[in-house]
Amino acid sequence: MPKTQAPRYAKSSRAFVRAKKLLPGGVNSPVRAYRSVGRDPIFITRGRGAFVTDLDGRRYVDYVGSYGPLILGHAPSTVIKAVAQAARRGTSFGMPTQAESELAEMVIDALPSIEKVRFVNSGTEATMSAIRLARAVTGRSRIVKCTGGYHGHADALLAEAGSGAATCGVPGSAGVPTTAIADTLLVPFNDLAAMTKLFAQQGEKIACIAIEPVAGNMGCVPPAPGYLQGLRRLATRHGALLLFDEVMTGFRVAYGGAQTLYGVKPDITCLGKVIGGGLPCAAYGASREIMSSVAPDGPMYQAGTLSGNPLAMAAGLATLRVLRDGKAYRRLERASARLARGLDAAARSAGVPVHLSRVGSMICPFFHAGPVRNYEDARQSDTNAFTKFFGAMIDAGIVLPPSQYETWFVSTAHEDRVIDRTIDAAARAFEAVRD
Ligand code: PLP
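Summarised in this report is the structure supplied together with it. Computed from a predicted model, the values in this text were never measured in an experiment. (Residues numbered from 1 in each chain as written. Predicted model: local features only at pLDDT ≥ 70, side-chain atom pairs only at ≥ 80, totals over all residues. Heavy atoms only, no water.)

Within the secondary structure, D420 sits in helix α15 (residues 416–434). A relative accessible area of 28% means that D420 is categorised as partly exposed. In this structure the C-alpha to C-alpha distance between D420 and A335, which are 85 residues apart in sequence, comes to 9.8 Å. (Helix = DSSP H or I, 4+ residues; strand = E, 2+ residues; numbered from the N terminus. Buried < 20%, exposed > 50% of the residue type's maximum accessible area, 1.4 Å probe, protein only.)

Rendered as structure tokens:
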């Protein structure tokens, strides 16, 4: 147990000792190990609504939300019922089911850029496949991504990635051959001039711009006015494709994703997280013409034993049915605005420089006076202050993503009293940071 760890976390700490003997770092995804906040992770036994409970029986308000999928909170009854019903009929067939077409119809109705969709199991698979598709369609090999943009852990996309890679201070990854990233070009987010210059130099070699329309893996950074529109124009002018990685933003910032919110139509869209309602599911989609390159219709090969899994389809369908009428987004907006206002006021009153960034129910308080327009700005944040804040919050029963470079997620289960409890805890945590 680290010196800072109080006895109230004893069972989690013992579980972590065991896990570390069995799993690299004791976890199955690096950021969960809490390395950047210098303490042992809490082990979770259950979640309900806005709350999770740990092995020691402590209950927390949760803003991790499984890193985005849980827009309806933990274990919403509609989703649980749908998954249980599907499981009773069989968990996987390797043959088509109608649920795949039902979810495809909902996705196509929701996202203006998608006429056909392929379901996969993770966001990483979606972006990796979408890049392959962009290269197949254009016959070009180079791709552009933003520094601090995270698109999963496929080799070509692990250059200067955000999220856990940023948290662990890993600019790329061991094991990625230089040849795998030789065609990956990097520019800062929100810097249209840099992108324009890059296209002027090598536009005819670029297959696609791969971008999170709202950068959510360097904290939460919204696109500057006109930025996404500028990317759209550049890509079109140079015969490149615009690939929106909406794994985080799809069905999160709006039912139709960031492309609806900002009115910009990409050529290829990646989805994940919310679309699977908490089960492993992701997707990539595009126009009929672009998707005609995907096997078996076309020459771009991509496959998956568990793709379109019936439990994941059931969870996704149940989630999107709740979200479809828009009421949930109004509720999320109200709750998230209340939280952002409260955090901002609490930081000001404690005299801690914080730049509060928010797009819908994605929130990030940067320990930085601002502005935060890109990864380079985000890196100026005071991560020691974040660590102190994180510790004070978890001790007060509020669990946050354990890194300055992750986004907090509000769910429809975060009622006003839960938000207000968070703001009260934050007021004390900001004071602890100041002192
Ligand atoms: N793309 C974005 C924007 C993400 O935020 C993530 C994960 O956080 C991914 C891709 C990778 O998704 P997964 O973790 O499901 O592989």
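With that settled, the discussion passes to the environment of T196. Take T196: it is sitting in helix α7 (residues 192–202). Residue classification places T196 among the partly exposed positions, given a relative accessible area of 35%. Between the C-alpha atoms of T196 and L70, which are 126 residues apart in sequence, the distance is 37 Å.

This part is about the packing of helix α12 (residues 327–350) against α15. Interaxial distance between α12 and α15 falls to 9 Å at its minimum, and their mutual angle equals 25 degrees. Of the possible angle classes, the one that applies to α12 and α15 is roughly parallel. The handedness of the crossing between α12 and α15 comes out as right-handed. Across the interface between the two elements, A335, R338, L339, G342, L343, A346, A347, S349 and A350 of α12 pack against D416, I419, D420, T422, I423, A426, A427, F430, E431 and R434 of α15. When the residues that make up the contact of α12 with α15 are grouped by side-chain class, the tally is eleven nonpolar, three polar and five charged. (Axes fitted to C-alpha atoms, helices over the stretch in contact; angles between N-to-C directions. Parallel < 35°, antiparallel > 145°, perpendicular 65-115°, else oblique. Left-handed = near helix turned anticlockwise from the far one by under 90°. Contact = heavy atoms within 4.5 Å. Nonpolar A, V, L, I, M, F, W, Y, C, P; charged D, E, K, R; others polar.)

Another point: the nonpolar core. Core analysis: the largest hydrophobic core is formed by 79 residues, its most contacted members being Y63, V107, F119, F251, L323, F389 and F430. It is α12 that contributes the most residues to this core, ten residues altogether. Apart from the residues within four sequence positions on either side, F430 is in contact with L343, A346, A347, A350, V352, V354, F367 and F389. Core analysis: the next-biggest nonpolar cluster, separate from the first, contains 37 residues, A235, F366, Y375 and F409 among them. (Core = buried A, V, L, I, M, F, W, Y, C linked by side-chain atoms within 4.5 Å.)

So, about the pairing of strand β8 (residues 241–246). Among the six residues in β8, six count as buried, and that is most of the element. Of the two faces of β8, both are covered, the one formed by L241, L243 and D245 as well as the one formed by L242, F244 and E246. With helix α8 (residues 227–237) bridging strand β7 (residues 206–211) and the parallel β8, this β-α-β connection has right-handed handedness. Where β8 meets strand β9 (residues 268–271), four bridges bridge the pair, whose relative direction is parallel. The residue of β9 that forms the bridge with F244 is T269. (Right-handed = clockwise from strand over helix to strand, strands pointing away. Pairing = 2+ DSSP bridges.)

As a further point, take α15. Three or four residues apart is the spacing at which side chains of an α-helix point the same way, because the helix has 3.6 residues per turn. Across its 19 residues, α15 extends 27 Å between first and last C-alpha, which sits within 8% of the 27 Å expected from 1.5 Å per residue. Regarding α15, the residues found buried are V418, I419, T422, I423, A425, A426, A429, F430 and V433. Buried residues along α15 sit in contact with β2 (51–54), β3 (59–62), α12, α14 (383–395) and β13 (398–399). (Expected span 1.5 Å × (residues − 1).)

Our next topic: the site of the ligand. Close to the ligand lie S122, G123, T124, Y150, H151, G152, E212, N217, D245, V247, M248 and K273, which account for all nearby residues. Contact between the ligand and G123: an oxygen atom at 2.8 Å from a main-chain N or O atom of the residue. Look at the ligand: alone it shows 390 Å² of surface, and the protein chains cover 82% of it. When the residues that make up the shell around the ligand are grouped by side-chain class, the tally is three nonpolar, six polar and three charged. (Near = heavy atom within 4 Å. Polar contact = N/O pair within 3.5 Å; in protein donor to acceptor, adjacent residues only side chain to side chain. Areas by Shrake-Rupley, 256 points an atom, 1.4 Å probe, with all protein chains shown as cover.)

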